[in-house]
Amino acid sequence: MSARQAPTLPIRNRKSTMAQQPETRISATTPRLDVAHLAKTYGSGEKSHTVIEDLTFTVDAGEVVCIVGPSGVGKTTLLKCLAGLHPASSGRASIDGRTISGPPPEMALVFQDYNRSLMPWLTVRKNLILPLRHLKLPAAELKERCDSALAAVGLSHADNQYPWQLSGGMQQRVAIARALAYRPEILIMDEPFASVDAQTRFDLEDLCLKIRKDFNMTILVVTHDIDEAVYLADRVVVLGSRPARVLKVVDVDLPAPRDQITTRSLPDFARQRTEVLSLIKRPA
Amino acid sequence: MKASIRPYAFSALGIAGALVIWQVLATAKVAGNALPPATTVFSTLTSTLGTGTFWSALGATIGIALLALALAALAGVAIGLLVGSFESVRYATLAVLEFLKPVPPIVVLPLAVLVLGPTAEMSLFLVVFGCLLPIVMQTVDGVQGTDPVARDTARSYGMREGEILARVVLPSAMPYIGTAMRVAAPAALVVTVVAGLLGGGPGLGQSIYQAQAAGDYASLYALVIVLGVLGLLFQGATRLAERRVLHWHESYREVVP
């Protein structure tokens, strides 16, 4: 990611003391998101169960980083620690040097199970409004945030429908719009496109890249799809199986803007997906 | 058109059949004077509908049942949310609640009459007692059935626990609460009548008791018919309300993708 531009949308989820980051941030020594020796163990004593052993990686401002690894490796546990839903057992995760101890106001999380994360009793627009209520925004701004978020995912026409009246891909776009309306600086997605068909998946991947460009967001995506990780990411964090640890961080040097047809047919694309795949397939 | 008329036609046929059987059995005096013929009961019903005492008794019954139902719903949902949300409250109360659940209101009736007398308050107390616990238990189930992903979503957006309870957990529990209310509404009516019949509380139960004491069986059955119709109305109204409140739930959705 080259020089950081001023965000297209102002960031106003106060509570955070963080000012808008100067351009020097990119090369600064403090990364946006810093995961250092993070470990997570459930239970205690003999019944204890270590899901994450020792994870260290960073995400810089404006980057798209994908985390891949075998299924059941503890990727979701990692995201829950990052989102402040579960405390880490040891080590720490921090945003701009501040340790995450609860849900960070500058972060939004998109779950894989859109049909469980969207509220079926609320219309699309009310789903978007639900997490914004406690920010006590003026009505005009609330409306503007919802309108622009829905427009960004191409669902302006669906705001009065209920999530269950929409297709799977549209529901996941509603979940993404809800995150956008929250105006996060860091967007975290947990296997966001795993439950949709292949064509919708491509569309949602491009939507993800468009969001990064339009809103200048830092995006962390957990996926089990290696092609998807290479297509989306600036860097791919490859996790090894349980308990989770980082095998390697692969820099993806594919040209921008990425395109589903041309990017995926580049020899470099094949080379890098092979690199990631062989890391995962390699016997421990 | 045919398909929509058929069920009603069969219902009418069933009702007519039941009335004919009643009439035949009553005319044959199978139960002596205790079962008057349908025709007599309906003509008594017509004259009963013209009296002021009947309407005030009907009003009392409906008023007590509805007020008690509303009180039980408010208290039951509030208690259920507390019990379901906080482990300590759950451990402190669950044994007592489980113990009280199978106790029928009629068992408490002597105590209620002794303390409150044959009053509307006594009836109200009994109905609330009978309806409260099922609503509490269903609400607790609903709270615990809330999808953890929905809760995590709300928490990840920085929503506070109180807001999550009101805006995520309570709506999630509504289908459970709806079921409880559908069961509680007819039960409220039944207990109101029992309180009148056996405890002397005001309303149709008391009227039935008086008719029975006077040996006026035609009036007694006329009142029973009124009660039956009232029960159907209660059931219909709760179904309608449930359908409106839970229009988003799987079992009521009109548009399926």
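Calculation criteria
Residues numbered from 1 in each chain as written. Chains lettered and ligands numbered in written order. Predicted model: local features only at pLDDT ≥ 70, side-chain atom pairs only at ≥ 80, totals over all residues. Heavy atoms only, no water. Contact = heavy atoms within 4.5 Å. Buried area = accessible area lost by both parts, 1.4 Å probe. Salt bridge = Lys/Arg side-chain N within 4 Å of Asp/Glu carboxyl O. Polar contact = N/O pair within 3.5 Å; in protein donor to acceptor, adjacent residues only side chain to side chain. Patch = residues over 30% accessible without salt bridge, like charges linked within 9 Å, V, L, I, M, F, W, Y side chains within 5 Å. Areas by Shrake-Rupley, 256 points an atom, 1.4 Å probe, with all protein chains shown as cover. Helix = DSSP H or I, 4+ residues; strand = E, 2+ residues; numbered from the N terminus. Buried < 20%, exposed > 50% of the residue type's maximum accessible area, 1.4 Å probe, protein only. Pairing = 2+ DSSP bridges. Right-handed = clockwise from strand over helix to strand, strands pointing away. Phe/Tyr/Trp six-rings, centres within 6.5 Å; stacked < 30°, edge-to-face > 60°. Lys NZ or Arg CZ within 6 Å of the ring centre and 35° of its normal.

### Describing the interface of chain B and chain A
- Listed as interface residues are 22 residues of chain B and, on the opposing side, 27 residues of chain A.
- Both faces considered, chain B and chain A share a buried interface measuring about 2300 Å² in area, 62% of it formed by carbon and sulfur atoms.
- Its largest share of buried area at the contact with chain A, chain B owes to S156(B), Y157(B) and W248(B), together 29% of the area lost on that side.
- Along the contact surface separating chain B from chain A lie two salt bridges.
- On inspection of chain B and its partner chain A, the count reaches eight residue pairs in polar contact (both at pLDDT 80 or more).

### Quick notes on a nonpolar patch on the surface
All names here are of chain B.
- Together, L111, L114, V115, L116 and F125 line one region of the surface with nonpolar side chains, adding up to about 530 Å² of accessible area.
- For the nonpolar patch, the element with the highest residue contribution is helix α5 (residues 105–116), accounting for four residues.
- With respect to the helices, strands and loops of the structure, F125 is situated in helix α6 (residues 120–144).
- For F125, a relative accessible area of 38% gives the class partly exposed.

### Considerations on unusual backbone geometry
Residue and element names in this part refer to chain A.
- In this structure, P257 follows A256 across a cis peptide bond, with omega equal to -10°.
- Within the fold, P257 resides in the loop between β10 (244–251) and α8 (267–281).
- Here the phi dihedral of D96 falls at roughly 50°; this positive angle occurs in a residue that is not glycine.
- Within the secondary structure, D96 is located in the loop between β4 (90–95) and β5 (98–99).
- The buried category is assigned to D96, whose relative accessible area is 14%.

### Quick word on the pairing of strand β7 (residues 186–190) of chain A
Residues and elements named next belong to chain A.
- Burial within β7 is extensive, with five of its five residues counted as buried.
- With burial as the criterion, each face of β7 is covered, one bearing I186, I188 and D190 and the other bearing L187 and M189.
- Across four bridges, strand β6 (residues 107–110) lies against β7 in parallel orientation. Residue pairing across strands places M107 opposite I186, the latter belonging to β7.
- In the sheet, β7 pairs with strand β8 (residues 218–222) via five bridges, with the strands oriented parallel. Its bridge partner being in β8, D190 is matched across the sheet by V222.
- Viewed along the sheet, the connection from β7 through helix α6 (residues 198–215) into β8 turns out right-handed.

### Quick notes on the packing of aromatic side chains
- Evaluation of the coordinates by the stated rule reveals six aromatic pairs over all chains.
- Ring centres of F54(B) and W55(B) lie 5.0 Å apart, and the angle between their planes is 75°; on these two criteria the pair is classed as edge-to-face.
- Taking the ring centre of Y231(A) as reference, the NZ or CZ of R264(A) above it sits at 4.8 Å.

### Here we look at the side chain of T139(B)
All names here are of chain B.
- Secondary-structure assignment places T139 in helix α6.
- Using a relative accessible area of 0% as the deciding quantity, one classes T139 as buried.
- Within the local environment of T139, its side chain forms a polar contact with the backbone oxygen of I135, the two atoms lying 2.6 Å apart.
- If sequence neighbours within four positions are ignored, T139 has contacts with G76, V77, G80, L81, A173 and I177.

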